[in-house]
Amino acid sequence: MSFSDKIAAIMARPGQDPTAKDDVPWWMKYLGRGVGTVGSIIAILLGVWNCVGILVGNVLGLISGMWQIIAGFLVICCEAPCCCMFVDHVQRVSDWVDRRPYWNRALGYVLLSIPPIILSAGLSTIFGSGLIFTTGVIYGMMALGRKQDMAAAASPQFATSPTGLGGQSDHNTTLMEDPDVWRPT
């Protein structure tokens, strides 16, 4: 068992299947959880700072700050339910979100992060909601899959092979590897 497997076993959630069901690298999963957790804490704190703007009559800053606090709380409930043990049913919501595909999370986090920036585009709003947006981008990259899979699916030879899109071919040369293509006739 490698060191990264031992760390993954230690960091596994209770009742989690020890074998990975997808091809997402372990470091990308931890990056998404880490940015989501730290980013949501920062978003909550900066949302409180935006709410203080009501003292000078900035109503849109108050609404933006409240939205940012709620968005940060939702993200931290999904990414680190251990931080919200005092709220009932957070673990159940987190488990439900974990069963969803990565693109659902990506879309949800991106949509949660945009309204505060539209309402009050201040530095604290852009930074706090930007971290939630970054979490959505990381989950979007996880939803796309590995680079090798995308490159294989996008290669022109794959689409124009004699066996079509569904079959396998033993002929694996590309335009750059075939010297006959470059000889003048």
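Notes on the structure follow. What you see is a predicted model; the values in this text were computed from it and never measured.

Re the overall build of the chain
Moving on, step 1. For the chain, the helix and strand inventory stands at 8 helices and 0 strands.
Moving on, step 2. Residue burial in the chain is summarised as follows: out of 185 residues, 29% are buried.
Moving on, step 3. Across the chain, contacts joining residues at least 24 apart in sequence account for 61% of those joining residues at least 6 apart.

Overview of the side chain of threonine 125
Moving on, step 1. Relative to the assigned elements, threonine 125 resides in helix α6 (residues 123-144).
Moving on, step 2. Polar side-chain contacts of threonine 125 include one of 3.2 Å to the backbone oxygen of serine 120.
Moving on, step 3. Here threonine 125 is in contact with Asn50, Ser64, Gln68, Pro116, Ile117, Ser120 and Gly130, once residues within four sequence places are set aside.

Side note on helix α4 (residues 90-99)
Moving on, step 1. Buried within α4 are the following residues: Val90, Ser94 and Val97. The arc that holds every buried residue of α4, seen down its axis, measures 60°, which confines them to one face. Exposed residues pointing more than 90 degrees away from the buried face of α4 are listed as Arg92 and Arg99.
Moving on, step 2. On its buried face, α4 sits against α3 (59-79) and α5 (102-119).

What about the packing of α3 against α5?
Moving on, step 1. Closest axis-to-axis distance for the α3/α5 pair is 8 Å, and the angle between their directions is 160°. Classified by the angle between their axes, α3 and α5 sit roughly antiparallel to one another. Regarding α3 and α5, the two cross each other, and that crossing is left-handed. In this structure, α3 uses Leu60, Ile63, Ser64, Trp67, Gln68, Ala71, Leu74, Val75, Cys78 and Glu79 to contact α5, whose residues at the interface are Arg105, Tyr109, Leu112, Pro115, Pro116 and Leu119.
Moving on, step 2. Of the residues that constitute the contact of α3 with α5, the class distribution is 12 nonpolar, 2 polar and 2 charged.

Here we look at the packing of helix α2 (residues 26-51) against α6
Moving on, step 1. Relative to each other, α2 and α6 sit at 160°, their axes nearing to 8 Å. It follows that α2 is roughly antiparallel to α6 by the angle criterion. Our pair here, α2 against α6, has a crossing hand that is left-handed.
Moving on, step 2. Looking at the contact of α2 with α6 residue by residue, the classes come out as 14 nonpolar, 9 polar and 2 charged.

As for the pattern of salt bridges
Moving on, step 1. Under the criterion given, the structure shown has 4 salt bridges.
Moving on, step 2. For arginine 33, the salt bridge goes to aspartate 98, with nearest N and O atoms at 3.0 Å. On the criterion of sequence distance, the pair formed by arginine 33 in helix α2 and aspartate 98 in helix α4 is long-range, its members being 65 residues apart.
Moving on, step 3. A residue is classified by how much of its surface remains accessible, and aspartate 98, at 26% relative accessible area, is partly exposed.
Moving on, step 4. Put simply, arginine 105 and aspartate 98 hold a salt bridge, and the shortest N to O gap is 2.1 Å.
Moving on, step 5. For arginine 105, a relative accessible area of 7% corresponds to the buried category.

About the criteria used
- Residues numbered from 1 in each chain as written.
- Predicted model: local features only at pLDDT ≥ 70, side-chain atom pairs only at ≥ 80, totals over all residues.
- Heavy atoms only, no water.
- Helix = DSSP H or I, 4+ residues; strand = E, 2+ residues; numbered from the N terminus.
- Buried < 20%, exposed > 50% of the residue type's maximum accessible area, 1.4 Å probe, protein only.
- Contact = heavy atoms within 4.5 Å.
- Polar contact = N/O pair within 3.5 Å; in protein donor to acceptor, adjacent residues only side chain to side chain.
- Arc of directions from axis to C-beta.
- Axes fitted to C-alpha atoms, helices over the stretch in contact; angles between N-to-C directions.
- Parallel < 35°, antiparallel > 145°, perpendicular 65-115°, else oblique.
- Left-handed = near helix turned anticlockwise from the far one by under 90°.
- Nonpolar A, V, L, I, M, F, W, Y, C, P; charged D, E, K, R; others polar.
- Salt bridge = Lys/Arg side-chain N within 4 Å of Asp/Glu carboxyl O.

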